[in-house]
Amino acid sequence: RSVLGLGDVPSSYMLADISLDGLGVEPDPAAAGSDATLFVGAYVALLAVVVGGIGYLVFQDMQAGQRKKEAIDARADMAEKLRAQGMEREARILEAERAQLAAQLDASKPKPVWEEVANAAKRRAEQQADASSASGNPSGNRMDRRDAAKRKRLEEKKQKKATSEAP
């Protein structure tokens, strides 16, 4: 009886008993390694292309930044030459363009994460302070609000007592 319940099937036909020795094919240990080597080579080539592409983009970005800095310097020099010739209006226009390019250059620089978080927290605190001052509260601090409320109650009591004793 066979393991699979097929009746009287000789064990030489079972899958577990098939070997490559009877087929005349010897396993080649280098063949299995060559497949892995092919995939590793393709992965390394792809990685090299990606890193090269990123490097190219960084290089292009650096060149664009250099060109902007040179344009800013050229506008400043041209504005000085125009002022020397007495063309104040044109010099002011070039100065405005230079300031605009400088602002664009500063805005394009990446900011550290902690600065963005700190600026966001600062804006929230300013908004809360503006909201609390508009509502009459001295600040967003709960201790200050509590003290201000206590002072207000004491002043109200003093006024009430002063008005009741005056008549």
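(A) Structural view of the overall build of the protein. Scanning the protein for helices and strands turns up four helices and zero strands. Seen in sequence order, the protein has helices and strands lined up from the N terminus as α-α-α-α. By residue count, 8% of the 167 residues in the protein fall in the buried class. Sequence-distant contacts in the protein: of pairs separated by 6 or more residues, those separated by 24 or more amount to 26%.

(B) Quick look at the pattern of salt bridges. Counting across every chain of the model gives five salt bridges. Across the pair Arg 83 and Glu 88 runs a salt bridge, and its minimum N-O distance is 3.1 Å. Overall, the relative accessible area of 36% leaves Arg 83 in the partly exposed class. Residue Glu 95 pairs with Arg 83 through a salt bridge whose shortest N-O separation is 3.9 Å. Taken together, the residues Glu 95 in helix 2 (residues 88–108) and Arg 83 in helix 1 (residues 29–84) connect sequence positions 12 residues apart. Connected through salt bridges with shared partners, the residues Arg 83, Glu 88, Glu 95 and Arg 98 form a single ionic network.

(C) Representation of the layout of surface pockets. Taken as a whole, the largest pocket spans an internal volume of roughly 210 Å³. In terms of lining, the largest pocket is formed by Asp 61, Met 62, Ala 64, Gly 65, Gln 66, Lys 68, Lys 69, Leu 105, Ser 108, Lys 109 and Pro 110. Among the elements that make up the lining of the largest pocket, the one with the highest residue count is helix 1 (seven residues). A breakdown of the residues in the lining of the largest pocket according to their chemical character gives four nonpolar, three polar and four charged.

(D) Looking closely at helix 2. Compared with an ideal rise of 1.5 Å per residue, which puts 21 residues at 30 Å, helix 2 spans 30 Å between its outermost C-alpha atoms and is within 8% of the ideal. Along helix 2, the residues classified as buried are Ala 91, Leu 94, Leu 101 and Leu 105. Around the axis of helix 2, the buried residues are gathered within 85° of arc, so they sit on the same side. In helix 2, the exposed positions that point more than 90 degrees away from the buried face belong to Arg 89, Gln 100 and Ala 107.

(E) Summary view of a negative patch on the surface. On the surface, Glu 70, Asp 73, Asp 77 and Glu 80 cluster together to form a negatively charged patch. Examined against the element boundaries, Glu 70 turns out to sit in helix 1.

(F) Structural context of a nonpolar patch on the surface. On the surface, Val 40, Tyr 43, Val 44, Leu 47 and Val 51 cluster together to form a nonpolar patch covering roughly 500 Å² of accessible area. By the secondary structure assignment, Val 40 is in helix 1.

Calculation criteria
Residues numbered from 1 in each chain as written. Predicted model: local features only at pLDDT ≥ 70, side-chain atom pairs only at ≥ 80, totals over all residues. Heavy atoms only, no water. Helix = DSSP H or I, 4+ residues; strand = E, 2+ residues; numbered from the N terminus. Buried < 20%, exposed > 50% of the residue type's maximum accessible area, 1.4 Å probe, protein only. Contact = heavy atoms within 4.5 Å. Salt bridge = Lys/Arg side-chain N within 4 Å of Asp/Glu carboxyl O. 1 Å grid on protein atoms, 1.4 Å probe; cavity = no way out; pocket = protein on both sides within 12 Å on 5 of 7 lines; lining within 4 Å. Points joined across faces, edges and corners; volume = space filled by probe spheres on them. Nonpolar A, V, L, I, M, F, W, Y, C, P; charged D, E, K, R; others polar. Expected span 1.5 Å × (residues − 1). Arc of directions from axis to C-beta. Patch = residues over 30% accessible without salt bridge, like charges linked within 9 Å, V, L, I, M, F, W, Y side chains within 5 Å. Areas by Shrake-Rupley, 256 points an atom, 1.4 Å probe, with all protein chains shown as cover. Lys, Arg positive; Asp, Glu negative; His and termini not counted. Charge placed at Lys NZ, Arg CZ, Asp CG, Glu CD.

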